[in-house]
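Results of the structural survey
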Amino acid sequence: MMTSESKKKMPHFGRTVKVRVPGTSANCGAGFDTLGLACTIYNELELTLNDNSELIIENFGDGADDIPKDESNMVWQAIKTTLKKAEVDSDEIGGHLRMWSEVPLSRGLGSSATAIVAGIKAANELMDGRFSDSDMLQIATGIEGHPDNVAPAIYGGFTVSVVTDGVAETMAFMPRFDMHLVVAVPDFPLSTKAARDALPKMVPLKDAVFNVGHAAMLVGALASGDDRFLHHAFEDALHQPYRAKLIPGMSDVFDAAKKAGALGATISGAGSSLIAYTLENERAVGDAMLEAFARNGVNAKVLYLEVDRHGAHVVNE
């Protein structure tokens, strides 16, 4: 039974909030586990909380049949974690969740991050914004394990994140030119665990130095608006060479994208999607990426996206 003290900390019951969260692409080549960007593809969550422990979850859109409808649901877990962080007694709290998904599952476009951030953002709104964006970043990073995907989902734009003594910090900004994102999405998923397992425990010092320089060059070029320095800035030596065997035709797709006019191309997050960055000719780049995948026996589709400016936000109530 809830005490009068616990009721003071309760969120608004019966009130409905709807939030929209952008998909994300992490790493951006050399920025392994630190760089990310928000994309103009979205998942939405409509949340109503109740005090009778009833949980109803409705899923619509991409991968809807594969998303759990019980307490193991990642969005619901994020909601419960947020309530706990607010010292809310949530044992008797239930909810009605309606979720619309555009972000494909297990394709490196931040589907898990959107779920986590959507749950946190919606729960926070029903507690009158008790937590700041920085607070929500800490909660999301604690669930996800690292901030590279959840940070752009929260802030939007291009993000640089670090974790120091367990505390995540993020700098977010918009690139100073219109950068188009061409995402080739293969018809097969790739789990983050499989992608992580492909990585070595140690890497050569020269590869670490290579990535420090290229990640710094990428951030500098995007922040200054000087695209002359982007043509090699997306290259990586720490994770993509080891994950190439998991994505047939990866190198061919990268080469095709650049020959068609892209500034560079990388694995999106842990994959399986590959993303090209371009200032123009995005349709030609997309066609070239599809053809290269097809030559390697992979069926894929192309998403033409931009960098999202807003991050997670309330749609309406």
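Just above sits the structure.
From a predicted model like this one, the values you see are computed outputs, not experimental measurements.

Remarks on the overall build of the chain
- The secondary structure content of the chain amounts to ten helices and eleven strands.
- Over its C-alpha atoms, taken along the principal directions, the chain stretches across nearly 65 × 40 × 35 Å.
- For the chain, buried positions account for 53% of its 317 residues.
- Of the contacts formed within the chain by residues at least 6 apart in sequence, a portion of 75% connects residues at least 24 apart.
- Only carbon and sulfur atoms are counted for the fraction: they give 51% of the accessible area of the chain, which is about 13,900 Å².

Brief notes about the layout of surface pockets
- Put simply, the largest pocket is a space of about 750 Å³.
- What lines the largest pocket is a set of 41 residues, among which M74, L105, G110, S111 and S112 lie closest to the centre.
- Broken down by secondary-structure element, the contributors of at least two residues to the lining of the largest pocket are β2 (35–50), α2 (74–85), β4 (94–101), α3 (111–125) and α6 (192–197).
- Looking at the lining of the largest pocket element by element, the count peaks at five residues for α3.
- Looking at side-chain class alone, the lining of the largest pocket contains 16 nonpolar, 16 polar and nine charged residues.
- Taken together, 15 residues make up the lining of the second largest pocket; nearest its centre are E235, Q240, F254, K258 and A265.
- Looking at the lining of the second largest pocket, the elements that each hand over two or more residues are α8 (240–243), α9 (250–259) and β8 (264–267).
- By residue number, the principal contributor to the lining of the second largest pocket is α9, which donates four residues.
- In terms of residue class, the lining of the second largest pocket is built from seven nonpolar, four polar and four charged.

Cut-offs and rules
- Residues numbered from 1 in each chain as written.
- Predicted model: local features only at pLDDT ≥ 70, side-chain atom pairs only at ≥ 80, totals over all residues.
- Heavy atoms only, no water.
- Helix = DSSP H or I, 4+ residues; strand = E, 2+ residues; numbered from the N terminus.
- Buried < 20%, exposed > 50% of the residue type's maximum accessible area, 1.4 Å probe, protein only.
- Contact = heavy atoms within 4.5 Å.
- Areas by Shrake-Rupley, 256 points an atom, 1.4 Å probe, with all protein chains shown as cover.
- 1 Å grid on protein atoms, 1.4 Å probe; cavity = no way out; pocket = protein on both sides within 12 Å on 5 of 7 lines; lining within 4 Å.
- Points joined across faces, edges and corners; volume = space filled by probe spheres on them.
- Nonpolar A, V, L, I, M, F, W, Y, C, P; charged D, E, K, R; others polar.

Spatial relationships are all this shows, so hold off on functional conclusions.
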